Amino acid sequence: MAPSRDPAPRETTAIEPRRVVTLVLVLLLVLVLGVWRHHAMVDDTIHDFSGATMGTSWSARIDADLSGRERTEARQTVQARLDHVSGLMSTFDPESELSRFNRHTGTDAVRVSPELLRVLALARDVSERSGGAFDVTVAPYVDAWGFGPSESRNPPDDAELAELSPHVGYQLLAIDPAAGTVSKTDPATKIDLSAIAKGYAADEVTDALRQIGLTSFLVEVGGEIRTVGSRRDGRAWRVGIERPDEQAPGYWGTVDLTDQGIATSGDYRNYHEVDGVAYAHIIDPRTGRPIRMRRMSVSVVHPSTAMADAWATALTVLGPEDGYALARVQGLSAIFIVEAEGGLQSLMTPALSDRFAVEPSGR
Ligand code: AMP
Ligand code: MG
């Protein structure tokens, strides 16, 4: 048999130099696009979540490669833990553990959840160290001034405040960590955890997200923020500090945080007006009256967001003079932003400016 002529194999193996160049170029393009796409994906892996809790909102940013199922798990983990904390500590939920404790009018020891006990112990610590400027038994005053569950809008008179005063005072609560109980020495004492519960909730969510293996994220509950790790690109989490000015909102600056909480209090966010007079929602427990409105805010950075939250409220009550002095003595990382002649002025404690990168954004 005559060998058949079969040129096909030679044709397919012999590639012209021009085609080689084209092929290499195409391969290069595929490679470049691939790398670029990969980078785009890595950038994309900061996942944002948000939702509602305790009469406010929450958000979370998670820096991780997450599948759809993992994203669902992360969201559900956050919401479940927040629902749990809200069920324990919300004053607006009549069935929360706290609301039930508030309705309890006995002086006997009441067994409470470990979480409630922990928050009350943290609150007690800040009360003692702030000379009572922070006090969760301020609830009757908060209600009287129209910021509590009853939302009455008529400012109380002196006689009414004098009537409430014997029921307010952190010393009226006896916490027994060993027995897991709390008791009131005054049966009419009520607790309001609004000044610490959001920060505490951010810490709880942090714990929950760590339990599902996440190591790089930021959690925000009603404006109080907890950062965990740094971002995977190596940068710290950058958090904005608001200007305490309703008329000209925006950011006063930013602070770079890794494994820290930050909380802000002030008279600019939550207040109401009666007959042209503005009342702040933060009350000085020592007088029973709202703090003077002066357009100021205090932000505190602390490894525990619950502590940052409580201290931010305490320092707001004390104001930029006494509050700043106490923050220094206590070694707190705090920044006061206060309206002064010529605009907003800021005052940072050395602990903040020495340890964290704080960038004013200019006015
Ligand atoms: P924050 O926004 O964290 O400063 O919390 C303010 C809320 O805490 C108010 O709306 C009140 O419900 C409650 N509160 C007001 N004054 C005080 C105070 N001196 N100590 C503790 N809680 C307070
Ligand atoms: Mg607070």
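Scroll up a little and you will see the structure.
Here the structure is a predicted model, which means the values were calculated and not measured.

Asks: When you look at the overall build of the protein chain in this model, what are you seeing that I'm missing?
Replies: Across its full length, the protein chain carries 10 helices and 18 strands. When each of the 363 residues of the protein chain is scored for burial, the buried share is 48%. Across the protein chain, contacts joining residues at least 24 apart in sequence account for 60% of those joining residues at least 6 apart. Summed over its atoms, the accessible surface of the protein chain is roughly 18,600 Å², and 53% of this surface lies on carbon and sulfur atoms.

Asks: Would you mind going over the site of ligand 1 with me for this structure?
Replies: Near ligand 1, the surroundings consist of 16 residues, among which Asp 192, Ser 265, His 281, Ile 283 and Thr 313 are the closest. Ala 133 has a polar backbone atom sitting 2.9 Å from a nitrogen atom of ligand 1. When ligand 1 is considered free in solution it has 500 Å² of accessible area, and contact with the protein chains removes 94% of it. Counting residues per element, the shell around ligand 1 draws most heavily on helix H9 (residues 305-329), at three residues.

Asks: Whenever I open this one, unusual backbone geometry confuses me. Can you help?
Replies: Located in the positive-phi region is Met 54, a residue other than glycine, with phi close to 45 degrees. Here Met 54 is to be found in the loop between strand E1 (46-53) and strand E2 (56-63). The phi dihedral of Asp 259 falls on the positive side, at around 55 degrees, and the residue is not glycine. With respect to the helices, strands and loops of the structure, Asp 259 is situated in the loop between strand E9 (251-257) and strand E10 (261-266). With relative accessibility at 35%, the residue Asp 259 sits in the partly exposed group.

Asks: When you look at the nonpolar core in this model, what are you seeing that I'm missing?
Replies: Generally speaking, soluble globular proteins have nonpolar side chains that are buried together. In this structure, Ile 62, Met 89, Phe 134, Leu 193, Trp 311, Leu 315 and Phe 336 are the most contacted members of the largest nonpolar core, which totals 65 residues. With 13 residues, H9 is the single largest residue contributor to this core. Membership of the second largest hydrophobic core comes to 16 residues, among which are Val 239, Ile 241, Leu 257 and Val 358.

Asks: What is the right way to look at the coordination of the magnesium ion (ligand 2) in this model?
Replies: Each pair of donors in an ideal four-coordinate tetrahedral metal site encloses 109.5 degrees, whereas pairs in an ideal six-coordinate octahedral site enclose 90 or 180 degrees. Coordination sphere of the magnesium ion (ligand 2), protein contribution only: Ala 195 (O), Asp 309 (O), Asp 309 (OD) and Thr 313 (OG1), at 2.0 to 2.4 Å. If you list the donors of the magnesium ion (ligand 2) from N- to C-terminus, the spacing comes out as A-x113-D-x3-T. Taken together, the residues span a long stretch of sequence, with Ala 195 in the loop between strand E5 (181-184) and helix H8 (197-211) and Thr 313 in helix H9 at a distance of 118 residues.

Asks: Got a minute to help me understand the sheet that holds E5 in this structure?
Replies: Paired through their backbone hydrogen bonds, the strands of a sheet run either parallel or antiparallel. If you trace the three strands from one edge of the open sheet to the other, you get E3-E5-E4, paired in antiparallel fashion. Two strands in the sheet have a free side with no partner beyond their single neighbour: strand E3 (110-111) and strand E4 (173-176). Sheet strands in contact with helix H5 (residues 114-129) are E4 and E5, and its direction is about 125 degrees off that of E4.

Asks: Even after reading the chapter, I still don't get the packing of helix H3 (residues 68-89) against H5, so can you show me in this structure?
Replies: Working note: a packed helix pair is described by the angle between its axes plus the distance between those axes. Taken N-terminus to C-terminus, the directions of H3 and H5 make an angle of 70 degrees; their axes are 10 Å apart at the nearest point. When the axes of H3 and H5 are compared, the pair comes out roughly perpendicular. Here H3 and H5 pass one another in a crossing that is right-handed. On H5, the residues that touch His 84, Leu 88 and Met 89 of H3 are Glu 115, Leu 116 and Val 119. When its residues are assigned to classes, the contact of H3 with H5 shows four nonpolar, one polar and one charged.

What counts, and at which threshold
- Residues numbered from 1 in each chain as written.
- Chains lettered and ligands numbered in written order.
- Predicted model: local features only at pLDDT ≥ 70, side-chain atom pairs only at ≥ 80, totals over all residues.
- Heavy atoms only, no water.
- Helix = DSSP H or I, 4+ residues; strand = E, 2+ residues; numbered from the N terminus.
- Buried < 20%, exposed > 50% of the residue type's maximum accessible area, 1.4 Å probe, protein only.
- Contact = heavy atoms within 4.5 Å.
- Areas by Shrake-Rupley, 256 points an atom, 1.4 Å probe, with all protein chains shown as cover.
- Near = heavy atom within 4 Å.
- Polar contact = N/O pair within 3.5 Å; in protein donor to acceptor, adjacent residues only side chain to side chain.
- Core = buried A, V, L, I, M, F, W, Y, C linked by side-chain atoms within 4.5 Å.
- Donors = N, O, S within 2.8 Å, 3.2 Å for Na, K, Ca; no water.
- Pairing = 2+ DSSP bridges.
- Axes fitted to C-alpha atoms, helices over the stretch in contact; angles between N-to-C directions.
- Parallel < 35°, antiparallel > 145°, perpendicular 65-115°, else oblique.
- Left-handed = near helix turned anticlockwise from the far one by under 90°.
- Nonpolar A, V, L, I, M, F, W, Y, C, P; charged D, E, K, R; others polar.

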